Amino acid sequence: MKTYVVGNWKLNFTVGEASIYLHKLSKSLPNYRNLEVVVAPSMLALQPLSLQVDRRRIKLAAQDGFYRDYGAYTGEVSFSQLRGLADYAIIGHSERRYVFKEDDKTIQKKVAAALRNKIKPILCIGEIESERAFGETADVIKDQLLGGLAEVADDNLSKVIIAYEPVWAISSVKGAKLASPDEISEVINIIRQTLSDTYGPESAEKVSVLFGGSVSPSNAGAYLTIPGVNGLLVGGASLILHEFIDIIEIAKKVQA
Ligand code: 13P
């Protein structure tokens, strides 16, 4: 199975800065087999970067997309417009859920729209601090997981990547804490068990599950060795080129 290192740039970098970063990243990356390096720039940068990127080495992800293909939806960009530009799309990120009030219904339509347009969804799920404190983590995870996948046909399941991002561990969240490997492992098991119970063990095994939340070169190795984790979704550290490269190198070593 592939290992994924995905950099979510969020609302950072101008188009020019993004292009320079991508150029430098391509120059420093050896051609790793079975390691999928993905960056998620802003919508604005996707088009020029899609012309620049060598997709054999680096893939592009959109940070979002709209579920209708076209129509009177001012300000939106559809997955049909992103088709061919992005290989992946981050969907249901906690910032979309909590800042932009996206619910599971919206997210499931986006997952389906991405798949319809040959874009692999990276479906983000994760509990907030108070849900964890009240012992609701398992329920929240199951609801977000099955809610997000509700429109996915069984034979498309392996095209969806799940990213577990405990919201309380995201670096930009006030008072963020590091998630421990044990805490992560417990939730990864819930995700894998829920997939297995719903789709059968064989289909569940084919789904890649990533972890995200304050990933850095100092914890990437520990997170990547958690059983059932197939990669990392990196926010802040992906903005610092040498840190992102360090994380990629660590992923390569863990895989070897
Ligand atoms: P940080 O790595 O900055 O905590 O961000 C995680 C994240 O939200 C990636 O999608």
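Here is a short report on the structure shown in this document. All values derive from a computational prediction rather than experimental measurement.

### What to know about the pairing of strand β4 (residues 88-91)
- Across the two faces of β4 the burial is the same, with Tyr88 and Ile90 and Ala89 and Ile91 all buried.
- By the bridge criterion, two bridges tie strand β3 (residues 58-62) to β4 in an arrangement that is parallel. Looking at the pairing, alanine 62 lines up with alanine 89 of β4.
- As paired elements, β4 and strand β5 (residues 120-125) share four bridges and run parallel to each other. Counted as the bridge partner of tyrosine 88 is lysine 120 from β5.

### Thoughts on the pattern of salt bridges
- As enumerated under the stated definition, the model contains 13 salt bridges in all.
- Close ionic contact of glutamate 129 with lysine 177 constitutes a salt bridge, the shortest N to O distance being 2.4 Å. With glutamate 129 in helix α6 (residues 129-133) and lysine 177 in the loop between β6 (161-164) and α8 (181-199), this residue pair connects regions lying 48 residues apart in the sequence.
- With relative accessibility at 42%, the residue lysine 177 sits in the partly exposed group.
- One salt-bridge network, in which partners are shared between bridges, spans Asp64, Arg96, Glu102 and Lys110.

### Quick look at the sheet that holds β3
- Judged by pairing direction, the barrel is parallel, and its eight strands sit side by side in the order β1-β2-β3-β4-β5-β6-β7-β8 before closing back on the first. Sheet twist, expressed as the average angle between the axes of neighbouring strands with direction ignored, equals 25°.
- Judged from the six bridges that link them, strand β1 (residues 3-8) and strand β2 (residues 35-40) form a sheet pairing that is parallel. By the bridge assignment for β2, threonine 3 is matched with leucine 35.
- On top of the sheet, helix α5 (residues 104-116) reaches β4 and β5; it is set at about 160° to β5, its chief contact.

Criteria and cut-off values
Residues numbered from 1 in each chain as written. Predicted model: local features only at pLDDT ≥ 70, side-chain atom pairs only at ≥ 80, totals over all residues. Heavy atoms only, no water. Buried < 20%, exposed > 50% of the residue type's maximum accessible area, 1.4 Å probe, protein only. Helix = DSSP H or I, 4+ residues; strand = E, 2+ residues; numbered from the N terminus. Pairing = 2+ DSSP bridges. Salt bridge = Lys/Arg side-chain N within 4 Å of Asp/Glu carboxyl O. Axes fitted to C-alpha atoms, helices over the stretch in contact; angles between N-to-C directions. Contact = heavy atoms within 4.5 Å.

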